[in-house]
Amino acid sequence: VVYLPDANDQLVYVLGYVKTPGAIHLTPSMSVLDALALSGGPTDDAAPSHIELVRPASGKQQEIPFKSLLDPNAKLNYALEQGDILYVPPRGLARFGYVVEKISPLTGFAVLGALAKP
């Protein structure tokens, strides 16, 4: 099976701590908020105050605070372009929780070993 993408297929990418990360089909009037909504929005472990918009075509990168997207008086509408990447990073406690989760099996073995000694 060979997949040939449609020449009109334009994608943007929403990555990081969103409910459904991945590629999204770009529509002519799609904004950052639209793309975040289509990806399910930020997870509980996300740091939405530091969303990064990366434009590989022009080499630009911009941080967009989530609150500015929800502000009813906002005058900026971040329109997306073909190939744009939105990255929602983890918040600090999420990183710490990930490390604890990874080392907890080792910690469990150490505790069992200490308890097994007479």
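Residues numbered from 1 in each chain as written. Predicted model: local features only at pLDDT ≥ 70, side-chain atom pairs only at ≥ 80, totals over all residues. Heavy atoms only, no water.

### Quick look at a nonpolar patch on the surface
Where nonpolar side chains cluster on the molecular surface, the patch consists of Tyr-13, Leu-15, Tyr-17 and Tyr-87 and spans about 320 Å² of accessible area. Residue position: Tyr-17 is located in the loop between β1 (11–16) and β2 (22–25). (Patch = residues over 30% accessible without salt bridge, like charges linked within 9 Å, V, L, I, M, F, W, Y side chains within 5 Å. Areas by Shrake-Rupley, 256 points an atom, 1.4 Å probe, with all protein chains shown as cover. Salt bridge = Lys/Arg side-chain N within 4 Å of Asp/Glu carboxyl O. Helix = DSSP H or I, 4+ residues; strand = E, 2+ residues; numbered from the N terminus.)

### Comments concerning the pairing of strand β3 (residues 51–55)
For β3, the buried fraction is high: four of the five residues fall into the buried class. For β3 and strand β4 (residues 60–64), the ladder comprises five bridges, and the chain directions are antiparallel. By the bridge assignment for β4, Ile-51 is matched with Ile-64. Here β3 folds back onto β4, and the loop between the two strands holds four residues, one of which, Gly-59, carries a positive phi near 75 degrees. (Buried < 20%, exposed > 50% of the residue type's maximum accessible area, 1.4 Å probe, protein only. Pairing = 2+ DSSP bridges.)

### Details of the sheet that holds β2
Taken together, five strands build an open sheet; the order of strands is β2-β1-β5-β3-β4 and the sheet is mixed. With partners counted over all chains shown, the strands left at the sheet margins are β2 and β4, one partner each. When strand polarity is set aside, the average angle formed by the axes of neighbouring strands in this sheet is 20 degrees. Where β1 lies against β2, four bridges are found, and the strand directions are antiparallel. Looking across to β2, one finds that Tyr-13 is bridged to Ala-23. (Axes fitted to C-alpha atoms, helices over the stretch in contact; angles between N-to-C directions.)

### Some points on the pairing of β1
Between β1 and the antiparallel strand that follows it, β2, lie five residues. Examined bridge by bridge, β1 and strand β5 (residues 85–88) share four bridges and lie parallel to one another. Looking at the pairing, Leu-15 lines up with Tyr-87 of β5.

### Some thoughts on the pattern of salt bridges
Tallied over the entire structure, the rule returns two salt bridges. The partner of Arg-55 in a salt bridge is Glu-81, with the nearest N and O atoms 3.5 Å apart. Highlighted residues: Arg-55 in strand β3 and Glu-81 in the loop between α2 (66–70) and β5, separated in sequence by 26 residues. We classify Glu-81 as partly exposed; its relative accessible area is 43%. Here Arg-55 makes a salt bridge to Asp-84, at a shortest N to O gap of 2.9 Å. Highlighted residues: Arg-55 in strand β3 and Asp-84 in the loop between α2 and β5, separated in sequence by 29 residues. Relative accessible area serves as the criterion here: at 2%, Asp-84 is assigned to the buried category. Taken together, the salt bridges that share partners define one network made up of Arg-55, Glu-81 and Asp-84.

### Re the nonpolar core
As a rule of thumb, nonpolar side chains are buried together in soluble globular proteins. Within the largest apolar cluster, 18 residues are counted, with the highest numbers of intra-cluster contacts made by Val-14, Met-30, Val-32, Ala-35, Leu-36, Leu-80 and Leu-86. The set of elements that each furnish at least two residues to this core consists of β1, α1 (32–38), β3 and β5. At three residues, the largest contribution of residues to this core is made by α1. Residues in contact with Val-14, not counting those within four places in the same chain, are Pro-21, Gly-22, Ile-24, Ala-35, Leu-36, Ser-39 and Leu-86. (Core = buried A, V, L, I, M, F, W, Y, C linked by side-chain atoms within 4.5 Å. Contact = heavy atoms within 4.5 Å.)

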